[in-house]
There are 4 protein chains.
Amino acid sequence: MTWLDDSIMMQRGVGAHREPVQHHLTEELQKTFHYTIGPYSQPVLHVKPGDRIVVDTRDAFGGKIREETDKPSQVLQMPFVNPQNGPIMIEGAEKGDVVAVHIEKMSPRGADPHGYCCMIPNFGALTGTDFTALLNEPLPEVVRKIKIDEENVYWSRRNTLPYRPHIGTLSLSPELDSINSLTPDQHGGNMDVPDMGPGSITYLPVRSPGGRLFIGDAHACQGDGEVCGTAVEYASRTTVRVDLIKQWNFAWPRLENEDALMSIGSARPLEDATRIAFRELVLWMVAEYGFEKWDAYMMLSQAAKVRLGNFVDPKYTVGAMVAKRYLK
Amino acid sequence: MTWLDDSIMMQRGVGAHREPVQHHLTEELQKTFHYTIGPYSQPVLHVKPGDRIVVDTRDAFGGKIREETDKPSQVLQMPFVNPQNGPIMIEGAEKGDVVAVHIEKMSPRGADPHGYCCMIPNFGALTGTDFTALLNEPLPEVVRKIKIDEENVYWSRRNTLPYRPHIGTLSLSPELDSINSLTPDQHGGNMDVPDMGPGSITYLPVRSPGGRLFIGDAHACQGDGEVCGTAVEYASRTTVRVDLIKQWNFAWPRLENEDALMSIGSARPLEDATRIAFRELVLWMVAEYGFEKWDAYMMLSQAAKVRLGNFVDPKYTVGAMVAKRYLK
Amino acid sequence: MTWLDDSIMMQRGVGAHREPVQHHLTEELQKTFHYTIGPYSQPVLHVKPGDRIVVDTRDAFGGKIREETDKPSQVLQMPFVNPQNGPIMIEGAEKGDVVAVHIEKMSPRGADPHGYCCMIPNFGALTGTDFTALLNEPLPEVVRKIKIDEENVYWSRRNTLPYRPHIGTLSLSPELDSINSLTPDQHGGNMDVPDMGPGSITYLPVRSPGGRLFIGDAHACQGDGEVCGTAVEYASRTTVRVDLIKQWNFAWPRLENEDALMSIGSARPLEDATRIAFRELVLWMVAEYGFEKWDAYMMLSQAAKVRLGNFVDPKYTVGAMVAKRYLK
Amino acid sequence: MTWLDDSIMMQRGVGAHREPVQHHLTEELQKTFHYTIGPYSQPVLHVKPGDRIVVDTRDAFGGKIREETDKPSQVLQMPFVNPQNGPIMIEGAEKGDVVAVHIEKMSPRGADPHGYCCMIPNFGALTGTDFTALLNEPLPEVVRKIKIDEENVYWSRRNTLPYRPHIGTLSLSPELDSINSLTPDQHGGNMDVPDMGPGSITYLPVRSPGGRLFIGDAHACQGDGEVCGTAVEYASRTTVRVDLIKQWNFAWPRLENEDALMSIGSARPLEDATRIAFRELVLWMVAEYGFEKWDAYMMLSQAAKVRLGNFVDPKYTVGAMVAKRYLK
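Quick summary incoming for the structure in this document. Small disclaimer: the values here were computed from a predicted structure and weren't measured.

Reading the values: the criteria
- Residues numbered from 1 in each chain as written.
- Chains lettered and ligands numbered in written order.
- Predicted model: local features only at pLDDT ≥ 70, side-chain atom pairs only at ≥ 80, totals over all residues.
- Heavy atoms only, no water.
- Helix = DSSP H or I, 4+ residues; strand = E, 2+ residues; numbered from the N terminus.
- Expected span 1.5 Å × (residues − 1).
- Buried < 20%, exposed > 50% of the residue type's maximum accessible area, 1.4 Å probe, protein only.
- Phe/Tyr/Trp six-rings, centres within 6.5 Å; stacked < 30°, edge-to-face > 60°.
- Lys NZ or Arg CZ within 6 Å of the ring centre and 35° of its normal.
- Contact = heavy atoms within 4.5 Å.
- Buried area = accessible area lost by both parts, 1.4 Å probe.
- Salt bridge = Lys/Arg side-chain N within 4 Å of Asp/Glu carboxyl O.
- Polar contact = N/O pair within 3.5 Å; in protein donor to acceptor, adjacent residues only side chain to side chain.
- Nonpolar A, V, L, I, M, F, W, Y, C, P; charged D, E, K, R; others polar.

A word on helix α4 (residues 270–289) of chain C
Residue and element names in this part refer to chain C.
1) Next: Taking 1.5 Å per residue as the helical rise, α4 with its 20 residues ought to reach 28 Å, and the 28 Å between its terminal C-alpha atoms agrees with that figure.
2) Next: Among the 20 residues of α4, 15 are classified as buried, and the element is accordingly described as predominantly covered.
3) Next: After α4 finishes, the residue Gly290 shows a positive phi value of roughly 75 degrees.

This is the structure:
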């Protein structure tokens, strides 16, 4: 028995013991990629809880950056960046339920796969931006084209980084709003949490019938904060298994892996994202693991880990974690 | 000649010298009020630049709070608050243009008019909220029912406040997103700027064909910051004249009145809202009033005024102002 | 009878009805100006409550910038900026008391008086700074030398601004800390509130025996936010009357003028400064003006005014105001 | 050869190859503990670069909390918390140099050692505070008395945590200011970075002759963020070796351990602390490891790790890390 058998998804998912049907969401089937996540777009796939979906994602630049001489400011046209696959309808998903997304595998697509990392004017953690509105000149535009394979990211002559893929943007639809794919929030969105890779399960609350799952923005690797604004962005073949947990009520995304549970908050300023993540984790420990509230709060003060996800998007993302061994 | 004849709207609006047609957007015509501002809803009215529209707005609670014994947490159902009239299509409005909205008059609707002010759990400037996520107990729910007329707001036995109405939420549609009516941003939205009352002209950049004007959230009076979370919310009859200024490019809402120009930014943290407002004002002075950039920046350091709009919504709103007399 | 007779200072000050002794704190008497505000420096003057002090302040650059060709980065040496007069010991001032500072008059010093406004690298509201640490190139250094008199600030050929002087930095000593004169906090400090000019009374809580009053940083005029980082900085002759109010307990500076009471908060992010200002104002209304807490909070939501003081220093400053007519 | 031989301290410290003299800073020798860190206090010890000091620290509550029935609000008296040992003068330390502090060992002091963790009113990450000033009722006061030994922290019947000690507050003196021991800043201070334990070297820039080293605030363990406001606070015997690196110029604390280099920023909002940490790390990689600036920035976007130190003090602390293997 692996940790997965003992996961919340496998313990509580209505499709946990179904034989999964496998779907393949190809570019052809997807046809129109989405730049806004909401209830107004046409579903591309209908699946049952427990099904497996192989998703062919485009990179966050929509494949428009191919060479190091390309200028992001010329090639990219806001708000048409970070294209998303979906919406995928999960049978039976209703407000008050939760969709579980287990990422099983992420591979680069195509022959001779490359990722791209860019410095985009007025975007990133160490520059004035559209929101942190300054009068300084923007930083230069820089494009890096990086060879990748399933073992490594060949960053530079000097540095080879390990291939540690994850999904940057994972969402269900809000109830009424339609939110651009650059922004993370309660619905998930562009969280850029490095833990959201193969071996992780993300739990997203359902707010619209069928849940309407969107997925995209694969990263071959990413540091905490994604500080220059982009990771090693690549076109992936990502395999997920989705399931449905009925009547599980919470507000913000959650993540589980072999060792830990994580609550994820997205907000500005960064302290609000962190507060959300911790409050949700306290409430989770109280509601489901038998902790008294102040005991949970004080123990996290000694034992929590924090992950900075994105530190560059319209809202910043923080994960607060507790080791599963403390929840037994 | 009044200041209005000399306003940007009257100088540059394509309908400035048309004989206005007057429209009345009644509750019956509106039928379905909107809780999200975007390109996906059905227009309720088509007007020409220069037309006048009398809009019957509902209060921000949708009329659901009637007595001081009503409990906001029971009566209100998120996200169905702050109902908006519209969308109103302005003939000829295209991306790259600007819609001008001159508020001419705001009156309370109905016999024996009242406004309502509430403390809503986890909402307001001096309480933990959904974003500033804390473990403290929420503040109590309180409802105030306040008699109003066109002269006064009868706040309490002790204090009568002057009737100083304004529109809290004024928007054009984003290009792709649909944004809940509680949030201000580049499209306008729930700015809660007290200057946005009769005698003001608001300029909003067009991002969707026809502009798609939404309006609502009338306040009989409001302090800077709207700190308890709500103003004196009332159902209004609001008269606006709309016009269209072709090819005027800027990102954030602007406002003009007899004495001053204002740029309006909405963001968190509050410093980012303030930075946006000031940067936009500097750029405006440079682009249209012949100021050298550093001269504009340094002069604002001596002569600007700042208005805090909302300090309670998902994004905070700040206006930066310069007196028109310094622009001559 | 003027409003002053009815002010808190005149109603409660222990020296209100003493015949004031007048002191003159000349540069010679001051000798060593201070760059840090604390309990470790030698007093330059001992006064009694009710006394009047004429203070000869230096400009915030210590007089080191004299021409538009001077480079702030070469001429100024951190942390030796914003020189302060003081400490002035107020007889009888003890922890738990409050010192009142009524600014009576501010005049430019010297023949042919000028003020100076600078853009200093990595300082100001619309640039990366030491704290908002970015990789952008700094803005250019610019120095403006501005003729001033007691009526006008001759800003540019185009714009003459009214002379509206105020004191930028006004402090009592903290109990243990010694805080650089650039930073505002509970002790007062570099608040840069334009209302703190002639006709205002500032109330500062005593934390160290004798209070230890520091004063400096005169501005011939200043906009809300002081956004380029500096006002029209000048050497002033400032006349204040000081008094002592026994056993008045509060944490943050307060201000009174003819029309309004103001609470002043200094913090980052800007929302915390604003929260402090408003919470203190609510508590003041409850403690001394007979308001029920939620009534005060909700009424401020309709009637408060906000002043942005500095928006450039290590902590930002915000004043929250309520009109005195609502307190009767 | 261990990593230590290859550390910056051992490579560049002027005392690296001296035979260390060992000093013992007992409570008796310390006599007066300090609550403010600055240039105005009397040295307790003079050491040479390369010397070893055994420091007997008090817990952050000054030993005033002994039982779970003690009330922090009654027993603690602000600002007299977080007592510091020191100042220790390092021979030859001058402005422009850096003091290295290698923590070699941390043990609990006394028989039957315990640590204490408290929830203090209006202090902590998930409550309104003096700065995030709200009107909510404070959280309850809670005190936990926790048995500790050199292997474990016996948190509760349910959870035993590993003993992972670190020093919460480590400082040199500012040039002019004297800063309370609760606040972290450029001088070090109350950073609460869990990595600052045995096996780490902290580098602090000298701003005052002799450096004036202060140390205190030992934690038997602490989670990222120290969210309830306190860690497992205990009286320690901490052994450090100090050294001096001449003419090494940087602004913010740095840390080295076997695997990584870290830059440490302290500010509010939390994004500014994070920006500082990352900018300093970029500048470090450029200045000393041969990276081109944009290459460093973009590689950190793929490979950096972030540590949240304190998320509760007057300034928040963030460490940005890069693995040493990428610097070769």
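Section: the packing of aromatic side chains
1) Next: Here the structure, examined in full by the defined rule, presents 30 aromatic pairs over all chains.
2) Next: Here the aromatic rings of Tyr40 of chain A and Tyr40 of chain B are separated by 4.6 Å at their centres, their planes lie at 15 degrees, and the arrangement is stacked. Residue Tyr40 of chain A is found in the loop between β2 (36–37) and β3 (45–47), and its partner Tyr40 of chain B is found in the loop between β2 (36–37) and β3 (45–47); the two belong to separate chains.
3) Next: Three or more aromatic residues joined by ring pairs form one cluster here, namely Tyr203, Trp248, Phe250 and Trp284 of chain A.
4) Next: Sitting above the plane of the Trp155 of chain A ring, Arg144 of chain A keeps its charged end 4.3 Å from the centroid.

A look at the interface of chain A and chain D
1) Next: Contacts between chain A and chain D engage 60 residues on the former and 59 residues on the latter.
2) Next: Note on chain A versus chain D: buried area summed over both sides is about 4,900 Å², and carbon and sulfur give 60% of it.
3) Next: The largest contributions to the chain A side of the interface with chain D come from Tyr297, Met298 and Gln302 of chain A, which together make up 16% of the buried area.
4) Next: Taken together, chain A and chain D are joined by two salt bridges.
5) Next: Asp295 of chain D serves as the salt-bridge partner of Arg144 of chain A, at 2.8 Å between the closest nitrogen and oxygen.
6) Next: Counting every contact that joins chain A to chain D gives 40 residue pairs in polar contact (both at pLDDT 80 or more).
7) Next: Where the side of chain A that touches chain D is concerned, the elements lending two or more residues are β7 (114–119), β8 (142–148), β10 (161–162), α4 (270–289), α5 (293–303) and β19 (305–308) of chain A.

Details of the side chain of Thr274 of chain C
1) Next: Within the fold, Thr274 of chain C resides in helix α4.
2) Next: Residue Thr274 of chain C is classed as buried on the basis of its relative accessible area of 1%.
3) Next: Discounting residues that sit within four places of it in the chain, Thr274 of chain C has contacts with Leu270, Leu308 and Phe311 of chain B together with Val318 of chain C.

A look at the interface of chain B and chain C
A common way to report how large an interface is uses the accessible area buried once the components associate.
1) Next: Taken together, the contacts link 60 residues of chain B with 60 residues of chain C.
2) Next: Of the roughly 4,900 Å² buried between chain B and chain C on both sides combined, carbon and sulfur atoms contribute 60%.
3) Next: When the area that chain B buries against chain C is broken down by residue, the three leading residues are Tyr297, Met298 and Gln302 of chain B, summing to 16%.
4) Next: One can count two salt bridges joining chain B with chain C.
5) Next: Where chain B packs against chain C, one counts 40 residue pairs in polar contact (both at pLDDT 80 or more).
6) Next: Elements with a contribution of two residues or more to the side of chain B that touches chain C: β7 (114–119), β8 (142–148), β10 (161–162), α4 (270–289), α5 (293–303) and β19 (305–308) of chain B.
7) Next: Of the residues belonging to the side of chain B that touches chain C, the class tally is 35 nonpolar, 13 polar and twelve charged.

Fair warning: the whole summary comes from geometry, so function is off the table for now.
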